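Architecture and fold: a report
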Amino acid sequence: MNRKIVAGNWKMNTLLESAIRLAGDVDSLLAERNPGDVTVILIPPFPFIHNVADVIDRTKIKVGAQNCASEAEGAYTGEVSAAMIESTGAEYVIIGHSERRQYFGENDEILSKKLKLVLENDLIPIFCIGEKLEEREAGKQFEVVENQLKNTILSLNKDDVKKLVIAYEPVWAIGTGKTATPEQAQEIHAHIRKLLGNKFGTDIANQIPVLYGGSVKPGNAKELFAQPDIDGGLIGGASLKANDFVDIINSF
Ligand code: PGA
């Protein structure tokens, strides 16, 4: 897998028309200034995935979903399965975003079931981890990310772990305008890669993209992406503006 990735998580924003417009704008801006070797992913709300996939050049831009059900199919009113997502043209699924953990009570057990279904459906998980403000203030950030990986990613087999993307998103930096400094982010990314290396070997650890997320903007992306273990970004707010998003992609 290409380690350079920039993914735009639109969260619960846009309507059908604005989603199509935003995807179209990103597509045309990238046609003019595409750095070439960066995998670009748009992650709209569920109802717009198919429309977004339709308006972009999918050889250059990929589409993803923000979540999926923890069950394969059946009587689960309101849920969206990994297989449904795959059938719309999406190739990636965010699993374990801090907003899902915080507001919807998603724990390791639920996330492991989702991971398994996403992988079974040949989709690529973007697995999110990251500490809360009080955990950082108590100096527990390394321990927190290790615990979030232990019963999920670190319990996968070697074949599956090669097929995923990890995103480190300190909760205190998400949507707050506060970004981790490049040094703060790099030391956690290096720690994540060390944990992956201890479990799966350095070769595999070096293949897994580890993205940074949390208030990434055109003004700070370059410094973050220049760190040796930061392979790109998971972008929230700034991905809703086509120009800013494409500036971030061009920050490598
Ligand atoms: P943000 O969100 O860029 O708005 O901080 C990042 C994320 O939650 O993925």
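As the structure is a prediction and not an experimental result, all values here were calculated from the model.

**Thoughts on the sheet that holds strand S3 (residues 61-65)**
Strand order in the closed barrel made by the eight strands is S1-S2-S3-S4-S5-S6-S7-S8, with parallel pairing throughout. Taking the axes of each pair of neighbouring strands and ignoring which way they run, one obtains an average angle of 25 degrees across the sheet. Here strand S4 (residues 92-95) runs beside strand S5 (residues 124-129); their pairing, made up of four bridges, is parallel. Of the residues in S5, the one forming a bridge with Ile-95 is Phe-127. Here helix H12 (residues 242-249) sits on the sheet and contacts strand S1 (5-9), strand S2 (39-43) and strand S8 (232-235); the angle it forms with S1, its principal contact strand, is near 160 degrees.

**Here's the deal with the site of the ligand**
Taken together, 13 residues surround the ligand, and among them Lys-11, His-97, Glu-169, Gly-175 and Ser-215 come closest. Take Lys-11: an N or O atom from its side chain is 2.7 Å from an oxygen atom of the ligand. Protein contacts shield 95% of the accessible area of the ligand, which totals 280 Å² for the unbound molecule. Partitioned by chemical class, the residues of the shell around the ligand number four nonpolar, seven polar and two charged.

**Focus: the packing of aromatic side chains**
In the structure shown here, the tally under the stated rule is two aromatic pairs. Stacked on the ring of Phe-104, the Lys or Arg Arg-100 has its end atom at 4.0 Å from the ring centre.

**Digging into the packing of helix H1 (residues 16-32) against H12**
At a minimum axis distance of 9 Å, the contact between H1 and H12 shows a crossing angle of 40 degrees. In terms of orientation, H1 lies oblique with respect to H12. Note on packing geometry: the crossing formed by H1 with H12 is right-handed. Counting all contacts with H1, which are made through Leu-22, Asp-25, Val-26, Leu-29 and Leu-30, the residues of H12 involved are Ala-242, Asn-243, Phe-245, Val-246 and Ile-249. Looking at the contact of H1 with H12 residue by residue, the class counts come to eight nonpolar, one polar and one charged.

Conventions we followed
Residues numbered from 1 in each chain as written. Predicted model: local features only at pLDDT ≥ 70, side-chain atom pairs only at ≥ 80, totals over all residues. Heavy atoms only, no water. Pairing = 2+ DSSP bridges. Helix = DSSP H or I, 4+ residues; strand = E, 2+ residues; numbered from the N terminus. Axes fitted to C-alpha atoms, helices over the stretch in contact; angles between N-to-C directions. Contact = heavy atoms within 4.5 Å. Near = heavy atom within 4 Å. Polar contact = N/O pair within 3.5 Å; in protein donor to acceptor, adjacent residues only side chain to side chain. Areas by Shrake-Rupley, 256 points an atom, 1.4 Å probe, with all protein chains shown as cover. Nonpolar A, V, L, I, M, F, W, Y, C, P; charged D, E, K, R; others polar. Phe/Tyr/Trp six-rings, centres within 6.5 Å; stacked < 30°, edge-to-face > 60°. Lys NZ or Arg CZ within 6 Å of the ring centre and 35° of its normal. Parallel < 35°, antiparallel > 145°, perpendicular 65-115°, else oblique. Left-handed = near helix turned anticlockwise from the far one by under 90°.

Take it as geometry only, folks, not as evidence of what the structure does.
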